[in-house]
Amino acid sequence: MENPVNRREFIARGSLLPAGAFLGVGLGGGVGCPHASAATPIKRLGGPKLKTSLNAYSFSKTLNDQLKGRGAGTSLFDLLEFCAELDFDAIDPTGYFFPGYPKVPADNYVNDFKRRAFQLGIELSGTGVRNDFASPDKAKRAADVRHVKEWVECAVRMGAPVLRVFAGPQPDGYTWDQVAAWMADDLKDCVEHAKKYGVLIGIQNHGDTLKTADDVLKIVKMVDSEWFGVIVDTGYFLSPDPYEDIARVLPFAVNWQIKEKVDGAAGHSKTDLKRLVRIIRGEAIGAIFLSRPCRSVAGPKIMIRVPG
């Protein structure tokens, strides 16, 4: 692989942060921990723990090449080997790169994957699915709710603590508030199911219905669960100052995706990592994902994870 991501360089920058800047996710509820809603910023405890995790989407083309029979390509097992060789701590095996997706993978596949990950010392930092909770078609949304629930249970089998979901594109002919109302109901249904299995649901802002911090925070308040949080995508806050939006949603982050470029209202610009670090240093976060160029894959996405 040419021009591999220099994870040590990023970690070195992270080491300049004061103690307590990068902390794990603190969950409310349970023994000795008072109940907290998602409308309350997540309480973080402990010292800085910075870990690296590879998002399988980094290898989207080669993974799909193998899944669709377009050549040797790459398998999720190959990515485990890659993570071990480059000294990654974890991997996010995105759901749609498992054989047979959207169906959940067979038990033997999941078990073999977990066993190999353990042998290589690689953790699973999360997984994710495709869904559209902004669709005005109630039947389609109901099917996606069932899909998310199935993958919540699969996440448990994998040992993945977080399941990433999307909002979906804003449909024509409906107000944002109308869409948000049915979206929140569907998310609540998913979150209640995920809570039974001890899995967090994280919604990712993706420049769709969730374009700004205001959009994201409204949904967080509407769902109002300690088992629901934000996967902060730094590349998709379509606002005049994306960094301000990032800072506002940061207290509710359960995972982050830090991309090579920021796509704000003014267009594309290279991510200002120094400014981003200044924002992060005052708040503990659940997970960080760093995206940088890589010639051997299409649209690479490298994740830097801060575990809970």
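Here the structure is shown first, and the text comes after it.
Within any chain, residue numbers begin from 1 and follow the written order of that chain's sequence. In keeping with the model being predicted, local features are shown solely for residues with a pLDDT of at least 70 and side-chain atom pairs are shown and tallied solely at 80 or more, while totals for entire chains, interfaces and linings include all residues. Computation of side-chain values covers all heavy atoms of the structure but excludes hydrogens and water.

Re the overall build of the protein chain
When you go through the protein chain residue by residue, the secondary structure sums to 9 helices and 12 strands. Accessible area is worked out with a 1.4 Å probe on protein chains only. A residue is then buried under 20% of its type maximum, exposed over 50%, and partly exposed in between. Split into buried and exposed, the 308 residues of the protein chain put 52% on the buried side. Relative to all contacts within the protein chain whose residues are 6 or more apart in sequence, the contacts with residues 24 or more apart total 76%. Computed with the Shrake-Rupley method and a 1.4 Å probe, the accessible areas treat only the protein chains shown as cover for residues. Carbon and sulfur atoms provide 52% of the accessible area of the protein chain, an area that totals close to 13,600 Å². Here a helix means four or more residues in a row that DSSP labels H or I, a strand means two or more in a row labelled E, and each is numbered from the N terminus. It only takes one pair of heavy atoms within 4.5 Å for two residues to be counted as in contact.

A few points about the sheet that holds strand β5 (residues 162-166)
Strands sit in the order β4-β5-β6-β7-β8 across an open sheet of 5 strands; the sheet is parallel. Of all the strands in the sheet, just β4 (127-128) and β8 (253-257) have a single pairing partner and so form its edges. Across 5 bridges, the pairing between β5 and strand β6 (residues 200-204) is parallel. Across the sheet, residue Leu163 finds its bridge partner in β6, namely Ile201. Along the sheet face, helix α5 (residues 138-158) touches β4, β5 and β6 and points at about 155 degrees away from the line of β5. Between any two strands, at least two bridges found by DSSP are needed for them to pair. Simply put, an axis is a line fit to the C-alpha atoms, just over the touching stretch for a helix, and the angle between two N-to-C directions goes from 0 to 180 degrees.

Some words on unusual backbone geometry
Residue Pro102 is bonded to the preceding Tyr101 through a cis peptide linkage, with omega at 20 degrees. Located in the positive-phi region is Asp224, a residue other than glycine, with phi close to 50 degrees. Structurally, the position occupied by Asp224 is in the loop between α7 (213-223) and β7 (228-233). Overall, Asp224 belongs to the partly exposed group, its relative accessible area being 40%.

Notes on the nonpolar core
Counting residues in hydrophobic clusters, the biggest one holds 77 residues, and the most contacted among them are Val148, Met183, Leu187, Ile201, Ile219, Phe228 and Trp256. Looking at this core element by element, the count peaks at 10 residues for helix α6 (residues 176-197). Beyond its immediate stretch of four places on either side in the chain, Ile219 contacts Trp176, Ala180, Met183, Leu187, Leu210 and Phe228. Joining through side-chain atoms within 4.5 Å is the link that ties buried Ala, Val, Leu, Ile, Met, Phe, Trp, Tyr and Cys residues into a set, and such a set is a nonpolar core.

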